[in-house]
Amino acid sequence: VLEILNNRFIQAGFLAWAIAQGLKVVLTLIITREFDKTRMWGSGGMPSSHSAVVCALATACGISCGFNSVEFAISAILATVVMTDAAGVRRAAGQQAAQINLIIKEMIQRGHGLDYKFMKELLGHTPVEVMAGAVLGIILAFVVV
């Protein structure tokens, strides 16, 4: 267990995740003037914690193992897949959820007695949120490693 806790790669990734999630809480507070503790664990929003984690890992691998190493190559490809998914598929799913929720709200307002649990809309990220998470992860890797 001590080896896991002392692993600089895990430390870089975890720190990137924690700071990104903390920033979501702070930014939500600034924008909406409401404290939303669910932003600490939720997906979507600024910055992308997924991007921060995988970029911290890839950068830490590059720093420690070399940017020409197998470890860096694997982690960089993983980071690319995660960030593409965050800004693509997950973002599209969130947009679709928003439209479905809107349709259901209109139906309820028109008197259709629907029992419906609204879908989560904040699933993915804009390209700016993905890039902000990536930059955060890269910077933190240089700090930790």
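All values reported here derive from a predicted model rather than from experimental measurement.

Procedures and definitions
Residues numbered from 1 in each chain as written. Predicted model: local features only at pLDDT ≥ 70, side-chain atom pairs only at ≥ 80, totals over all residues. Heavy atoms only, no water. Helix = DSSP H or I, 4+ residues; strand = E, 2+ residues; numbered from the N terminus. Expected span 1.5 Å × (residues − 1). Buried < 20%, exposed > 50% of the residue type's maximum accessible area, 1.4 Å probe, protein only. Arc of directions from axis to C-beta. Polar contact = N/O pair within 3.5 Å; in protein donor to acceptor, adjacent residues only side chain to side chain. Contact = heavy atoms within 4.5 Å. Disulfide = S-S within 2.5 Å.

### Notes on helix α6 (residues 127-144)
An ideal rise of 1.5 Å per residue puts 26 Å on 18 residues; α6 measures up with 26 Å between its terminal C-alpha atoms. Within the sequence span of α6, burial applies to Glu129, Val130, Gly133, Ala134, Leu136, Gly137, Leu140 and Ala141. In a view along the axis of α6, the buried residues occupy a sector of 165 degrees, so they form one face of it. The exposed set on the far side of α6, more than 90 degrees from its buried face, consists of Pro127, Val128, Met131, Phe142 and Val143.

### Focus: the side chain of Ser75
Structurally, the position occupied by Ser75 is in helix α4 (residues 70-87). On the basis of relative accessible area, Ser75 is assigned to the buried category, the value being 4%. At 3.1 Å, the side chain of Ser75 forms a polar contact with the backbone oxygen of Phe72. In this view, Ser75 contacts Leu57, Ala58 and Cys61; residues no more than four positions away in its chain are not counted.

### Here we look at the state of the cysteines
Scanning the model with the defined rule gives zero disulfides in all. Cys61 provides the cysteine sulfur closest to Cys55, a residue in no disulfide bond, and the two sulfurs are 12 Å apart. Judged by its relative accessible area of 7%, Cys55 falls in the buried class. Cysteine Cys61 is unpaired, with the sulfur of Cys65 as its nearest cysteine sulfur at 5.3 Å.

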